[in-house]
Amino acid sequence: MKQQNILKILVPVIGLLALSAAAAGLFVQGGEGPRTFTTLHGQTVELYGRGLYANDTVMAAGGFLGTDFVTIVVALPLLAVSFRAYLRGKIRGGLLLAGVLSYFLYNGISMSFAAAYNNLFLLYTALMSASLFAFVVIFSSIDADRLEKLVSDNMLRKRIAAYFFLAGFTVLALWGMEIVAALLSGEPPVLLGPYTTSVTHALDMGVIAPTAFLSGVLLIKRRANACRVGFPIIVLNILIGLCVISQTVMQTLVGVVFSTGQMVGIIGSWTLLAGLAIWSGVSMYRSIREPASR
């Protein structure tokens, strides 16, 4: 895999931006605490009222704090490990790096468009931009045809493809049911809060789910792009799953109370998908042989 020098600039910049944003989210204090707010839909919601996420709902703020924790504890170390492997010429390192960059891109988009405006808006935008271009560079530098020749015939393609289909259908079902319920009731989605639209729903249903379906089809048909498309989405799903677990803990700590149905249906589903993603990722990773050194 041909190395791209621009990544030697972009990846450290992404790491610095992500660390700064996550640290600010976790440690910036101040504010009067929760307060009520009437949304443009006429609903009354509770805003967090503290720190960087003062103007976000308590639910959203707890979610952002949980994501910040995963970014610092898991995603940034994984970025360093994968980038080092990439610099050593490891094709699996390049795939892992693509997956981690997809997480920072997802996070950058979420914070730029989904979070209430705060003083780090320009930083979020820079993180989104740097991650987008870095992902495009690393993805396009991976030779799909050559990669396919390095894949073992023993790869459990059908089982991994089954995970992709399950992940895609789960995302569509969980988020789709919430939107359909809102349409049937004539009311905005329950978790919309003060926001004008749901960026997470659009991103997951419009990008993540279709990419999961595409990955499953490519694997079954043994197409050259199967691992180049599939492995990064697995890494993204693992990190998102860890974020959901961390978000749930943080949301509970800030006072959000979950019903049994929410714990089992939404949180349980994401946790299960994260576990299956880890298995699928390890299986695919081990099935890719590193080319012999020249």
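Residues numbered from 1 in each chain as written. Predicted model: local features only at pLDDT ≥ 70, side-chain atom pairs only at ≥ 80, totals over all residues. Heavy atoms only, no water.

## Some words on the nonpolar core
Proteins that are soluble and globular tend to have nonpolar side chains buried together.
Piece 1. The biggest cluster of nonpolar side chains holds 87 residues, and the ones touching the most others in it are Tyr53, Leu79, Phe104, Phe164 and Met284.
Piece 2. Contributions of two or more residues to this core are made by helix 1 (7-27), helix 2 (58-87), helix 3 (91-113), helix 4 (121-141), helix 6 (157-185), helix 7 (199-220), helix 8 (226-253) and helix 9 (260-287).
Piece 3. Take this core: its biggest share by element is 14 residues, from helix 8.
Piece 4. Discounting chain neighbours no more than four positions away, the residues touching Tyr53 are Gly25, Tyr48, Ala61, Phe64, Leu65, Asp68, Met111, Asn118 and Tyr124. (Core = buried A, V, L, I, M, F, W, Y, C linked by side-chain atoms within 4.5 Å. Buried < 20%, exposed > 50% of the residue type's maximum accessible area, 1.4 Å probe, protein only. Helix = DSSP H or I, 4+ residues; strand = E, 2+ residues; numbered from the N terminus. Contact = heavy atoms within 4.5 Å.)

## Remarks on the pairing of strand 1 (residues 35-38)
Piece 1. Where strand 1 lies against strand 2 (residues 44-47), four bridges are found, and the strand directions are antiparallel. Its bridge partner lying in strand 2, Thr38 is registered against Thr44.
Piece 2. If you look at the hairpin formed by strand 1 and strand 2, you'll find five residues sitting between the two strands, and Gly42 has a positive phi there, around 85°. (Pairing = 2+ DSSP bridges.)

## A short note on the packing of helix 6 against helix 7
Piece 1. Direction vectors running N to C along helix 6 and helix 7 enclose 160°, while the axes themselves pass 8 Å from each other. By the angle between their axes, helix 6 is roughly antiparallel relative to helix 7. Pair helix 6 / helix 7 crosses with left-handed handedness.
Piece 2. Split into classes, the residues belonging to the contact of helix 6 with helix 7 amount to 16 nonpolar, six polar and three charged. (Axes fitted to C-alpha atoms, helices over the stretch in contact; angles between N-to-C directions. Parallel < 35°, antiparallel > 145°, perpendicular 65-115°, else oblique. Left-handed = near helix turned anticlockwise from the far one by under 90°. Nonpolar A, V, L, I, M, F, W, Y, C, P; charged D, E, K, R; others polar.)

## Regarding unusual backbone geometry
Piece 1. Notably, Arg222 is not glycine yet its phi reads approximately 55°, a positive angle.
Piece 2. One can find Arg222 in the loop between helix 7 and helix 8.
Piece 3. Residue classification places Arg222 among the partly exposed residues on the basis of a relative accessible area of 49%.

## A word on the packing of helix 1 against helix 4
Piece 1. Two elements in contact, helix 1 and helix 4, have axes whose closest approach is 9 Å; the angle formed by their N-to-C orientations is 145°. Helix 4 is crossed by helix 1, and the crossing has left-handed handedness. Of helix 4, the residues touching helix 1 (which contributes Leu7, Leu10, Ile14, Leu17, Ala18, Ser20 and Ala21) are Leu123, Tyr124, Ala126, Leu127, Ala130, Ser131, Phe133, Ala134, Val137 and Ile138.
Piece 2. Counted by class, the contact of helix 1 with helix 4 contains 15 nonpolar, two polar and no charged residues.

## A closer look at the side chain of Arg157
Piece 1. Its location among the elements puts Arg157 in helix 6.
Piece 2. From its side chain, Arg157 meets the backbone oxygen of Leu219 in a polar contact 3.5 Å long.
Piece 3. Excluding its chain neighbours within four sequence positions, the residues that come into contact with Arg157 are Glu148, Val151, Leu219 and Arg222. (Polar contact = N/O pair within 3.5 Å; in protein donor to acceptor, adjacent residues only side chain to side chain.)

## A closer look at the pattern of salt bridges
Piece 1. Following the criterion strictly, the structure yields two salt bridges and no others.
Piece 2. A salt bridge links Glu290 to Arg92; its shortest N-O distance comes to 3.5 Å. Residue Glu290 is located in the segment after helix 9, and its partner Arg92 is located in helix 3; the two are separated by 198 residues in the primary sequence.
Piece 3. Here Glu148 ties to Arg157 by a salt bridge, and the two come within 2.8 Å at their closest N and O atoms. (Salt bridge = Lys/Arg side-chain N within 4 Å of Asp/Glu carboxyl O.)

## Thoughts on the packing of aromatic side chains
Piece 1. This model, assessed by the stated rule, comprises nine aromatic pairs.
Piece 2. With 5.7 Å between their ring centres and 25° between their planes, Phe135 and Phe139 make a pair best called stacked. Taken together, the residues span about one helical turn, with Phe135 and Phe139 both in helix 4 at a distance of four residues.
Piece 3. Taking the centre distance of 5.5 Å and the plane angle of 50° together, the rings of Tyr163 and Phe164 count as tilted.
Piece 4. Residue Tyr163 is classed as buried on the basis of its relative accessible area of 4%.
Piece 5. On the accessibility criterion, Phe164 (0% relative accessible area) is buried.
Piece 6. A connected cluster of aromatic rings, assembled from ring pairs, spans Phe165, Phe169 and Phe213.
Piece 7. We note Arg50 situated over the ring of Tyr48; from NZ or CZ to the ring centre the distance is 5.8 Å. (Phe/Tyr/Trp six-rings, centres within 6.5 Å; stacked < 30°, edge-to-face > 60°. Lys NZ or Arg CZ within 6 Å of the ring centre and 35° of its normal.)

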